[in-house]
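# Close look at the chain arrangement
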Amino acid sequence: MGKAKSFNITKRQVWEAYKKVKANRGAAGVDGQSIAEFEGDVTNNLYKIWNRLSSGSYFPPPVKRVEIPKGDGRMRPLGIPTVADRIAQTVVKDYLEPFLEPYFHVDSYGYRPNKSALDAVGRARKRCWRYNWVLDLDIKGFFDNISHELLMRALRKHTDCRWVLLYAERWLKAPVAMPDGSLFYPEKGTPQGGVVSPLLANLFLHYAFDYWMQRNYPHIPFERYADDVVCHCRRESEARRLKAHLKQRLGKCGLELHLEKTKIVYCKDEDRKGDYPVIKFDFLGYTFRPRLSRNRRGKFFVNFSPAISNKAAKAIRQEVRSWRWQLRPGETLDDLARECNPKIRGWINYYGRFYPSAFYQVLEHIDWRLVRWATCKYKKLRGHQRRASRWLKYRAQRQPNLFAHWCVLYGKAER
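This write-up is about the structure you can find in this document. (Residues numbered from 1 in each chain as written. Predicted model: local features only at pLDDT ≥ 70, side-chain atom pairs only at ≥ 80, totals over all residues. Heavy atoms only, no water.)

## Some points on a nonpolar patch on the surface
Threshold: Patch membership requires over 30% relative accessible area and the absence of a salt bridge. Like charges are linked within 9 Å, and nonpolar side chains (Val, Leu, Ile, Met, Phe, Trp, Tyr) within 5 Å. Method for areas: the Shrake-Rupley scheme with a 1.4 Å probe, in which residue coverage is limited to the protein chains shown. Every case where a carboxyl oxygen of Asp or Glu lies within 4 Å of a side-chain nitrogen of Lys or Arg is listed as a salt bridge. A helix here means a DSSP run of H or I that spans at least four residues, while a strand means a run of E at least two residues long, and both kinds are numbered starting from the N terminus.
Among the surface-exposed residues, Leu292, Phe300 and Val302 lie close enough to one another that they form a single nonpolar patch of about 270 Å² accessible area. Its location among the elements puts Leu292 in strand 10 (residues 286–294).

## Some points on the sheet that holds strand 9 (residues 281–283)
Rule in force here: Should DSSP find at least two bridges between two strands, the strands are regarded as paired. Every angle, taken between N-to-C directions, lies between 0 and 180 degrees, and every axis is a line fitted to C-alpha atoms, over only the stretch in contact when it is a helix.
Pairing is antiparallel across the open sheet formed by 3 strands, whose spatial order is 9-10-11. Each edge of the open sheet is held by one strand with a lone partner, namely strand 9 and strand 11 (300–308). Going from strand to strand, the sheet's axes swing by 50 degrees on average, the running direction of each strand aside. Direction of pairing for strand 9 relative to strand 10: antiparallel, over a ladder of 3 bridges. The residue bridging Phe281 from the neighbouring strand is Phe288, located in strand 10.

## Focus: the packing of aromatic side chains
Filter applied, for reference: Two aromatic rings, drawn from Phe, Tyr or Trp (for Trp, its six-membered ring), form a pair once their centres lie within 6.5 Å of each other, and the interplanar angle then sorts them: stacked below 30 degrees, edge-to-face above 60, tilted otherwise. Only protein chains enter the accessibility calculation, which uses a 1.4 Å probe. A residue is then buried if its area is under 20% of the maximum for its type, exposed if over 50%, and partly exposed in between. Whether a charge sits over a ring depends on NZ of Lys or CZ of Arg being within 6 Å of the ring centre and within 35 degrees of the ring normal.
Counted under the stated rule, the structure contains 30 aromatic pairs. Both rings, one in Tyr351 and one in Phe359, keep their centres 6.0 Å apart while their planes meet at 40 degrees; by these two values the pair is tilted. Judged by relative accessible area, Tyr351 falls into the buried class, the value being 14%. Residue Phe359 is classed as buried on the basis of its relative accessible area, which comes to 2%. Chaining the aromatic ring pairs together yields one cluster made of Tyr286, Tyr350, Tyr351, Phe354 and Phe359. Seen from the ring of Tyr109, Lys115 lies directly overhead, with NZ or CZ sitting 4.8 Å from the centre.

## Re the packing of helix 6 (residues 148–156) against helix 8 (residues 197–216)
Definition in use: Any angle that is under 35 degrees is reported as roughly parallel, and any over 145 degrees as roughly antiparallel; angles of 65 to 115 degrees are reported as roughly perpendicular and all others as oblique. The contact criterion used is simple: two residues touch if any of their non-hydrogen atoms lie within 4.5 Å. Any residue that is not Ala, Val, Leu, Ile, Met, Phe, Trp, Tyr, Cys, Pro, Asp, Glu, Lys or Arg is counted as polar, Gly included; the first ten are nonpolar and the last four charged.
Their axes nearest at 9 Å, the elements helix 6 and helix 8 cross at an angle of 90 degrees. In terms of orientation, helix 6 lies roughly perpendicular with respect to helix 8. In contact with Leu150, Leu151, Ala154 and Leu155 of helix 6, helix 8 contributes Leu200, Leu203, Phe204 and Tyr207. Tallied by class, residues from the contact of helix 6 with helix 8 come to 8 nonpolar, no polar and no charged.

## Focus: the sheet that holds strand 8 (residues 263–266)
Strand order in the open sheet formed by 4 strands is 6-7-3-8, and the pairing between neighbours is antiparallel. Edge positions in the open sheet fall to strand 6 (222–225) and strand 8, since each of these has one partner strand only. Neighbour to neighbour, the strand axes of the sheet diverge by 15 degrees on average, direction disregarded. Strands strand 3 (133–137), strand 7 (228–233) and strand 8 of the sheet are contacted by helix 9 (residues 236–252), whose axis makes an angle of about 20 degrees with strand 3.

In structure tokens form, the structure reads like this:
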């Protein structure tokens, strides 16, 4: 007879968590171990995780701090757990999520099953047509300022499972391995990049914002994706009052409203008259502003609607440039398409959903990069960009399915 474990965590739970982590891939943590290396001794590695989790002796290793550009010149700190720690976090997330999901607000969209950022953008679009004003919220350093005490209090409202509470608290207090090699022990916050962090952050904002809004401002609808929030108001005075109350509310929860970036926006369109200083806002990679649209009868009118933001378009162009196709004349069009199509397809699926014509310029930039590649590859096209453009368009019309964006720009192939 083996010694009884402190906690009833099954090997099946660990195995299912491992399959999800493997499917999501991801970078190595502080131990440098990749998923491929973890798989080299997968049975033994998974047994160690299960044994420590179920006996109460699992302590998370330090989280590796990395920084990625945000798009506005600043850097966003991410915390990368080890592969083993991601599996352990997934065990807790899989257990906890079904208990929390029924309580979350219908208009909370971030990191939730069967909800997406596009759902949030679509809902915001419809509400901007019905409500004249938007309060666009910006919370300063949300993930870095979550109160551990308040979060654990919220968690205890939903579960008394000892191992869930034990490990959630250990992850909140886990040290962060800084780039200079030092260890930082956080007294607040949860690292972006962790598996369980988004669920815990959603729980925190559920009580700090969603539930509070439901009780105090049930007539003001909103969309929230993690800490990106827009609220819809009928009058400017209502938006100003809500902003003041939210500043107080978030302050009580240890959070701070970024007053310079929090904006009151007039959703100006064909029927809404008057001049106001702010008539646009960004939400989840889209810019909402007055745009010229055409109705079913072909008549043009001004509509307040979303299209890809300048920041998102710039980020895509920078990524395409980073592929440095002009330095790879030895490859074929098929090679380039095979490599970049998954990324291009993702952009089209996301940014092509609303007002797609604004996104076409970004797709045309991809073709301009392909033209530069062609002038480097083929002697007859060197120094002749116009001729190279005609050659590329001919290829696109002959093989519209070769690159993911060619069907969008050039349509189906002629039969």
